[in-house]
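Spelled out, the chains give:
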Amino acid sequence: MADGPLDKPKGPPVAVNRRSWLAGAGASLTALALMPPATARGQELGADGFRLLHARPGMAPLRGPNAPPTPIWGYDGLSPGPTLRIKQGEELKIRLVNDLRQPTVIHWHGIRLPNAMDGVPHLTQMPVEPGASFDYRFTPPDAGTFWYHSHFLSSEQMARGLAGVLIVEERDPVAVDQDIALVVNDWRLNNDGAVHPSFGNMHDAMMAGRLGQYITLNSQDTLDLKVKSNERIRLRIINTANARIFEFRIPEHVTRIMAVDGQPCPPEVVPDGVLRLGPGTRVDLFLDLTLKPGASAPILIDDLRGGWLELGRVVYDGGAPLRAEPLPEPKALPANPLPQNFDFAGALQVAIPLDGGGMGMMMGRGSMMGGGMRGGMGGMGGGAGFGGHGLPPQDRIWALAGIASSGHDGPPIFKVERGRTVVLDFANRSALPHAMHVHGHHFRNLIGNGESHKPYWLDTVIVDPERTERIAFVADNPGKWMIHCHMIEHMATGMAAWFEVT
């Protein structure tokens with residue numbers, strides 16, 4: 001079964017140190033910093049009440065205050081973009097204004113929203129041209145941690161920084177002392193600090209995807225996370241990287257998972273405190289700060305050699321504790337109104353083998369295609385990009401169920417009547433992991449061939465090489481929905497499809 005937030009990763013170690021990440025490239029692993037307190041309230045509003053969100057160029061201090069900032073693309077010129085916060089049951093009204101030189105869209109990752117608002121170009125809407133705008137309007141049914149990002153030319157636009165956080169707050173306040181969103185991302189930079197223009201790089205697509213050598217949280221370089229003894233904080237951790245699977249931990253503290261992919265779960269202590277986050281994944285933690293005043297603890301990331309690198313510190317105030325004793329163990333967060341009436345006897349069963357890549361062959365639209373470079377795509381020195389969602393059929397190197405798709409062309413991979421249970425078997429026959437994301441629905445990760453499941457609702461699941469992950473969901477949201485690998489370069493080169501709920 002899949003590695004979840006509690007599971008150890010698999011695969012051979014990869015050499016890395018504090019100043020190198022990719023072979024032949026310098027690197028700097030950066031520490032955490034708090035999100036700027038931007039919210040959906042009090043921002044630029046149109047006369048009709050829509051909050052204006054500009055996709056435009058900006059600058060970010062990715063390499064710290066002593067290095068020149070990096071030109072990025074961001075929402076309102078920020079990466080991550082403004083943190084949008086609304087209450088469960090409130091309507092979100094966002095007007096995307098495209099100030100870029102390319103078309104773009106916004107996909108609201110993990111939200112069970114009306115299909116027309118999903119932000120998939122050519123499937124649910126047309127791309128928003130430069131100088132144009134598009135109105136997104138919906139009421140999220142679920143409280144939780146979600147995010148928004150470009151879904152057009154994603155390999156470039158996300159790598160340049162087009163992502164932000166959407167927090168849907170519970171109707172009743174949750175008993176925590178701080179509520180902090182932490183966006184983990186990696187950036188591929190030139191020596192001068194500019195984003196490396198190797199978009200549409202076929203070598204990335206054939207292998208693990210675009211991996212950056214600078215790792216940031218909230219696009220910052222350093223952090224002392226300031227706390228008080230006996231405080232409880234909620235950490236909303238979001239992996240917005242194009243392709244990288246992150247692992248990190250905060251030792252000397254109890255790591256208690258409260259939600260995964262925006263959906264509450266039974267509170268569960270991670271035995272070794274290690275979290276594994278695939279691209280697109282979110283985990284909500286409660287962290288009880290039980291060390292003495294004046295103490296500190298490191299914030300660590302796996303160095304891929306069996307050791308850990310220090311990214312920052314949790315720093316305790318030297319004054320009196322916030323309260324005399326830590327808070328009691330928390331109760332579960334309020335459940336969201338997810339459909340749970342699984343009917344496995346009448347379920348639609350769909351096998352979805354995952355094939356392709358640079359270490360094998362794949363089936364593409366009825367013909368065998370090699371995994372080599374095709375079509376004159378940009379190499380490491382430049383990049384034409386993969387187009388709106390991907391390459392022409394003859395140039396695609398990944399496939400779902402034997403079909404290499406852009407995610408909107410061709411027929412649906414399956415159709416299902418509204419309300420029917422769907423069981424998908426993702427069988428990874430390639431040499432690389434894939435983070436499989438389903439739009440418009442949350443699913444259960446089933447155990448073995450049975451009907452029992454892990455204790456999480458997910459919208460993205462890691463499928464490791466030579467593994468099969470079985471998922472189930474009730475297809476209760478009508479429309480045309482994308483399903484794809486969230487290693488964005490895999491999606492762009494064929495590992496994408498769509499299904500229809502009628």
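The rules behind each value
Residues numbered from 1 in each chain as written. Predicted model: local features only at pLDDT ≥ 70, side-chain atom pairs only at ≥ 80, totals over all residues. Heavy atoms only, no water. Helix = DSSP H or I, 4+ residues; strand = E, 2+ residues; numbered from the N terminus. Buried < 20%, exposed > 50% of the residue type's maximum accessible area, 1.4 Å probe, protein only. Contact = heavy atoms within 4.5 Å. Salt bridge = Lys/Arg side-chain N within 4 Å of Asp/Glu carboxyl O. Phe/Tyr/Trp six-rings, centres within 6.5 Å; stacked < 30°, edge-to-face > 60°. Lys NZ or Arg CZ within 6 Å of the ring centre and 35° of its normal. Pairing = 2+ DSSP bridges. Axes fitted to C-alpha atoms, helices over the stretch in contact; angles between N-to-C directions. pLDDT = per-residue confidence, 0-100.

Participant: Hey, could you run me through the overall build of the protein chain in this one?
Facilitator: A count of helical and extended segments in the protein chain gives three helices and 33 strands. The 502 residues of the protein chain split such that 63% are buried. For the protein chain, the share of sequence-separated contacts (at least 6 apart) that also reach a separation of at least 24 residues comes to 78%.

Participant: Is there a simple way to think about the pattern of salt bridges in this case?
Facilitator: Per the counting criterion, the structure on display carries 27 salt bridges. With its nearest N and O atoms 3.8 Å apart, the salt bridge here joins glutamate 169 to lysine 87. Linking glutamate 169 in strand E9 (residues 163-169) with lysine 87 in strand E4 (residues 84-87), this pair joins segments that are 82 residues apart in sequence. One continuous salt-bridge network, built from bridges that share partners, spans Arg85, Lys87, Glu169, Glu170, Asp179, Arg234, Arg236 and Asp284.

Participant: It is not clear to me how the packing of aromatic side chains should be interpreted in this structure. Could you clarify?
Facilitator: One pair of aromatic rings is described through two measures. These are the centre distance and the angle between the planes. Scanning the entire structure with this criterion turns up nine aromatic pairs. The interplanar angle of 20 degrees and the centroid separation of 6.1 Å between the aromatic rings of phenylalanine 342 and tryptophan 457 together place this pair among those described as stacked. Of the two residues, phenylalanine 342 is situated in the loop between strand E20 (308-316) and strand E21 (348-356) and tryptophan 457 in strand E29 (residues 453-458); the sequence distance between them amounts to 115 residues. Given the relative accessible area of 22%, phenylalanine 342 is considered partly exposed. Among the residues examined, tryptophan 457 registers a relative accessible area of 5% and is labelled buried. Among the aromatic residues, those joined into a cluster by ring pairs are Tyr75, Trp108, Phe134, Tyr136, Phe138 and Tyr148. Sitting over the face of the ring of tryptophan 73, arginine 160 holds its NZ or CZ atom 4.6 Å from the ring centroid.

Participant: How do you make sense of the environment of valine 438 when you look at a structure like this?
Facilitator: Looking at the secondary structure, you find valine 438 in strand E27 (residues 434-438). Considered as a pair, valine 438 and leucine 458 are 20 residues apart in the sequence and their alpha carbons are 9.0 Å apart. Non-local contacts of valine 438, meaning those with residues more than four positions away in its chain, are made with Phe443, Asp459, Ile471, Met482, Ile483 and Phe499.

Participant: Sorry if this is basic, but what is going on with the sheet that holds strand E8 (residues 144-149) here?
Facilitator: In a beta sheet, neighbouring strands pair by backbone hydrogen bonds and run either parallel or antiparallel. One open sheet holds the four strands; their spatial order is E4-E9-E8-E6, and the pairing between them is mixed. For this open sheet the edge positions go to E4 and strand E6 (107-109), each flanked by a neighbour on one side alone. Neighbour-to-neighbour, the strand axes of the sheet open up by a mean angle of 25 degrees, direction not taken into account. With four bridges connecting them, E4 and E9 associate as parallel partners. Residue leucine 84 lies in a different strand from E9, and its bridge partner there is leucine 166.

Participant: Before we go on, may I ask you to explain the side chain of histidine 149 in this structure?
Facilitator: With respect to the secondary-structure elements, histidine 149 resides in strand E8. Setting aside its immediate chain neighbours within four residues, histidine 149 contacts Tyr75, Val105, Ile106, His107, His109, Met158, Leu162, Ala163 and His486.

Participant: Where do I start with the pairing of strand E13 (residues 231-239) in this structure?
Facilitator: Of all nine residues in E13, nine are buried; the element is thus mostly enclosed. Residue alternation in E13 divides its side chains into two sets, Glu231, Ile233, Leu235, Ile237 and Asn239 and Arg232, Arg234, Arg236 and Ile238, and both sets are buried. Relative to E13, strand E10 (residues 178-187) is paired through seven bridges, and the arrangement is parallel. When the sheet's bridge partners are listed, valine 183 is paired in E13 with isoleucine 238. One ladder, built from eight bridges, connects E13 with strand E18 (residues 282-289); its direction is antiparallel. Within E18, the position partnered with arginine 234 by the bridge is phenylalanine 286.

Participant: Please clarify how unusual backbone geometry should be interpreted in this entry.
Facilitator: Peptide bonds are, in most cases, trans, and in most cases residues other than glycine have a negative phi. Here serine 79 and proline 80 are connected by a cis peptide whose omega angle stands at -5 degrees. Secondary-structure assignment places proline 80 in the loop between strand E3 (70-75) and E4. Although it is not a glycine, alanine 401 adopts a positive phi angle of roughly 50 degrees. Along the chain, alanine 401 falls in the loop between strand E24 (398-400) and strand E25 (415-416).

Participant: Help me understand the environment of proline 140 in this model?
Facilitator: With respect to the helices and strands, the residue proline 140 is situated in the loop between strand E7 (133-138) and E8. A residue is classified by how much of its surface remains accessible, and proline 140, at 2% relative accessible area, is buried. When near neighbours in sequence (up to four residues on either side) are disregarded, proline 140 contacts Ile86, Gly89, Glu90, Ile111 and Val168.

Participant: Would you take a moment to explain the confidence of the model for the protein chain for this structure?
Facilitator: Low pLDDT marks regions whose predicted coordinates should not be analysed in detail. Scored by pLDDT, the protein chain has a mean of 85; 83% of the residues are at 70 or more. Within the model, the stretch residues 8-42 combines pLDDT values under 50 with 104 contacts to residues more than four positions away or in other chains. Here residues 361-384 is a poorly scored stretch, pLDDT under 50, and it has 72 contacts once near neighbours within four places are set aside; other chains count.

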